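Okay, here's what each chain looks like letter by letter:
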Amino acid sequence: MAGFGHGTRGYPRSRRRTWQRTGPDRATLGIIGTICAVAGFFALGIALGPLAMFCGWQAMGRKWSNDRDIPALVALVLGAIDTLLAVIALAGAATWGHGPF
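About the cut-offs
- Residues numbered from 1 in each chain as written.
- Predicted model: local features only at pLDDT ≥ 70, side-chain atom pairs only at ≥ 80, totals over all residues.
- Heavy atoms only, no water.
- Helix = DSSP H or I, 4+ residues; strand = E, 2+ residues; numbered from the N terminus.
- Expected span 1.5 Å × (residues − 1).
- Buried < 20%, exposed > 50% of the residue type's maximum accessible area, 1.4 Å probe, protein only.
- Arc of directions from axis to C-beta.
- Contact = heavy atoms within 4.5 Å.
- Core = buried A, V, L, I, M, F, W, Y, C linked by side-chain atoms within 4.5 Å.
- Polar contact = N/O pair within 3.5 Å; in protein donor to acceptor, adjacent residues only side chain to side chain.

You'll find the chain entered in an unreviewed UniProt entry as Small hydrophobic protein, with Streptomyces incarnatus given as the organism.

Shown next as structure tokens:
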């Protein structure tokens, strides 16, 4: 009986998250991206740099307008720097003289 001024729901919709909760949330992705970016400076920068950039971009919601996602922005910037340094190191190792000298 949904009539007589009473809806099928007793309460309005929840204002909490309405999407699936199976994957990691944005804060977790930002922290994971930051950890990958910092670890990429020490080992496997060519793999961890793009992974950090991906995690940071996904944590930001694929847009630039969120100001409160500091770990996501840090992951994105450090991942880009890490990837650039790894590409420069690989290009330097591929020269004929095996280095700058």
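Still to come is the rest of the account.
**Considerations on helix α2 (residues 45–59)**
The periodicity of an α-helix, 3.6 residues per turn, causes residues three or four places apart in sequence to face the same way. Under the 1.5 Å per step criterion, the end-to-end length of α2 is 20 Å for 15 residues, consistent within 8% with the ideal 21 Å. Every buried residue of α2 is listed here: G45, L48, G49, A52, C55, G56 and A59. Viewed along the axis of α2, the buried residues span an arc of 135 degrees, placing them on a single side of the element. Taken together, the buried residues of α2 touch α1 (26–40) and α3 (70–93).

**Quick word on the nonpolar core**
Within the largest apolar cluster, six residues are counted, these being L29, C55, A59, M60, A72 and L76. Within the residue set of this core, elements represented by two or more residues are α2 and α3. Not counting the four nearest positions on each side in its chain, L29 is found in contact with P24, C55, Q58 and A59.

**Quick word on the side chain of T34**
Of note, T34 is situated in helix α1. In this structure the side chain of T34 is engaged in a polar contact, spanning 2.9 Å, whose partner is the backbone oxygen of G30. At a separation of 2.9 Å, a polar atom in the side chain of T34 contacts the main-chain carbonyl oxygen of P71. Not counting chain neighbours up to four residues away, the residues in contact with T34 comprise P71, V74 and A75.

**Here we look at α3**
End to end, α3 covers 34 Å across 24 residues, agreeing with the expected 34 Å (1.5 Å per residue, within 8%). If you check which residues of α3 are buried, you get A72, A75, L76, G79, D82, T83 and A86. In this fold, the buried residues of α3 make contact with α1 and α2.

**A short note on the side chain of T83**
Secondary-structure assignment places T83 in helix α3. The exposure class assigned to T83 is buried, which follows from its relative accessible area of 16%. Discounting residues that sit within four places of it in the chain, T83 has contacts with G45, G49, P50 and M53.

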